[in-house]
Structures are given as structure tokens and as C-alpha cells.
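Observations on the model geometry
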Amino acid sequence: MNRIAVTDNFFLDELVPPEIYSARGSKSITLLDMRIVNGLQHLRELAGVPFTINTWLNKGQFDERGLRLSATRTGAKWSQHKYGRAIDIDPQGMSVAGLFAILKANEKYFIERQWITTVENIEFTKTWLHIDCRYTGLDHLLIVNP
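Residues numbered from 1 in each chain as written. Predicted model: local features only at pLDDT ≥ 70, side-chain atom pairs only at ≥ 80, totals over all residues. Heavy atoms only, no water.

Digging into the pairing of strand S2 (residues 86-91)
Among the 6 residues in S2, 6 count as buried, and that is most of the element. Burial along S2 is two-sided: the face carrying Ala86, Asp88 and Asp90 and the face carrying Ile87, Ile89 and Pro91 are both buried. With 2 bridges joining them, strand S1 (residues 51-52) and S2 adopt antiparallel strand pairing. When the sheet's bridge partners are listed, Thr52 is paired in S2 with Asp90. Here S2 pairs with strand S4 (residues 129-132) via 4 bridges, running antiparallel. By the bridge assignment for S4, Ile89 is matched with Leu129. (Buried < 20%, exposed > 50% of the residue type's maximum accessible area, 1.4 Å probe, protein only. Helix = DSSP H or I, 4+ residues; strand = E, 2+ residues; numbered from the N terminus. Pairing = 2+ DSSP bridges.)

Quick look at the structure:
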């Protein structure tokens, strides 16, 4: 299967589940909110380490860490993942707390662009960082409990 680059560091298969990728191919990108994609790329550049998101293409265990099918039983009923506005990240070579600290240090930049507006409380998500771009109307990151 040919991989489709969506940014300098991410491929479409990392952001959508296999069912959507198989059915829509490159058109799968239309189901993603590009604000979260841009935020993801910028956070990756600031962190300077690779991120693991979906790994299904290489027979990995993750396939719902970006866009999720509306019928999935994973996550909340109205999850931002189902609208293409959320991504769960495993930073490689850095702790989740370290990645969160980078995001917090640059929160004004992300909020002004509405690229990343919300994160899940890392006390509950110690092995991944959930980011999303839902509208909050706030001038700071919204931290929610899963």
C-alpha cells in the first residue's frame, strides 16, 4: 500500500483507521480537521522526537488514535476523534509529561491558531497525550479528565 504524506512527519494511515483508508484512500484527508493536523506537526517540530499514533499499517496494535469510526465503542459517544479533531500521541524518547510541558510553554501559539485547544489530564493518560482542537472560547488550554 502506498503511503500518503500529509505533513513533513506524518502519513495519512497514521491518522485514520484502516476501514476509512481502504475505502477512501487519499480522500480520507477530507475527514480530518486540518487544524489538529497542523498542531500535531508543529508540536512534533517543537518536541524534536518521533510520535507514534496509528500503527495498523505495520500490523501494530493502534488503529483508533486519530479519526475514529462513528460506530466505535472506543472512547466517549461524542468524542472529538469521531469528528477528525483529536489525536492520541505516544512520544518516542520523551515522557508524556515532557511533551505536555512543551505544549504548555507554547500554549498561546497553539490557542491563537486554534490548532490545539484541549488536552486530557496526563494524570490519567500517562502513556499518551490526547490533543484536540474543539472550540472552547478560552485563551488557554482546556484540560479535561477522560
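Concerning the layout of surface pockets
What the largest pocket holds in volume is close to 300 Å³. Surrounding the largest pocket, 17 residues form its lining, Ala76, Ser79, His81, Glu120 and His130 being those nearest its centre. Tallied by class, the residues present in the lining of the largest pocket amount to 5 nonpolar, 6 polar and 6 charged. (1 Å grid on protein atoms, 1.4 Å probe; cavity = no way out; pocket = protein on both sides within 12 Å on 5 of 7 lines; lining within 4 Å. Points joined across faces, edges and corners; volume = space filled by probe spheres on them. Nonpolar A, V, L, I, M, F, W, Y, C, P; charged D, E, K, R; others polar.)

Side note on helix H2 (residues 34-47)
For H2, built from 14 residues, the straight-helix expectation of 20 Å at 1.5 Å per residue is met to within 8% by its first-to-last C-alpha distance of 20 Å. Every buried residue belonging to H2 is among Ile36, Val37, Gly39, Leu40, Gln41, His42, Leu43, Arg44 and Ala47, and all of these are buried. Structurally, H2 contributes buried residues whose contacts are with S1, S2, helix H3 (96-105), helix H4 (107-113) and S4. Looking at the residues trailing H2, positive phi occurs at Gly48, about 70 degrees. (Expected span 1.5 Å × (residues − 1). Contact = heavy atoms within 4.5 Å.)

Overview of the sheet that holds S1
If you walk across this open sheet you meet the 5 strands as S1-S2-S4-S3-S5, and the pairing is mixed. Each edge of the open sheet carries a strand with a single partner, namely S1 and strand S5 (142-144). Here strand S3 (residues 118-120) runs beside S4; their pairing, made up of 2 bridges, is antiparallel. For Thr118, the partnering residue across the bridge sits in S4 and is Asp132. Together, S1, S2 and S4 form the strand contacts of H2, whose direction differs from that of S2 by roughly 15 degrees. Here H3 sits on the sheet and contacts S1, S2, S3, S4 and S5; the angle it forms with S4, its principal contact strand, is near 30 degrees. (Axes fitted to C-alpha atoms, helices over the stretch in contact; angles between N-to-C directions.)

So, the nonpolar core
One finds Leu40, Leu43, Phe51, Leu103, Ile116, Leu129 and Ile131 to be the most contacted residues of the largest nonpolar core, which totals 35 residues. Among the elements of the structure, helix H1 (18-24), H2, S2, H3, H4 and S4 are those that each provide at least two residues to this core. Residues contacting Leu40, with those up to four places away along its chain left out, are Phe10, Leu15, Phe51, Ile53, Ile87, Ile89 and Ile131. (Core = buried A, V, L, I, M, F, W, Y, C linked by side-chain atoms within 4.5 Å.)

Quick notes on the packing of aromatic side chains
Counted according to the given criterion, the structure contains 4 aromatic pairs. Consider the rings of Tyr109 and Phe110, whose centres lie 6.0 Å apart with planes at 85 degrees: the pair is edge-to-face. Owing to a relative accessible area of 0%, Phe110 belongs among the buried residues under this scheme. On the numbers, 5.7 Å between centres and 80 degrees between planes, the contact of Tyr109 with Trp115 is edge-to-face. Since its relative accessible area comes to 30%, Tyr109 is described here as partly exposed. On the basis of relative accessible area, Trp115 is assigned to the buried category, the value being 17%. Three or more aromatic residues joined by ring pairs form one cluster here, namely Tyr109, Phe110 and Trp115. (Phe/Tyr/Trp six-rings, centres within 6.5 Å; stacked < 30°, edge-to-face > 60°.)

Just distances and angles here, no functional claims.
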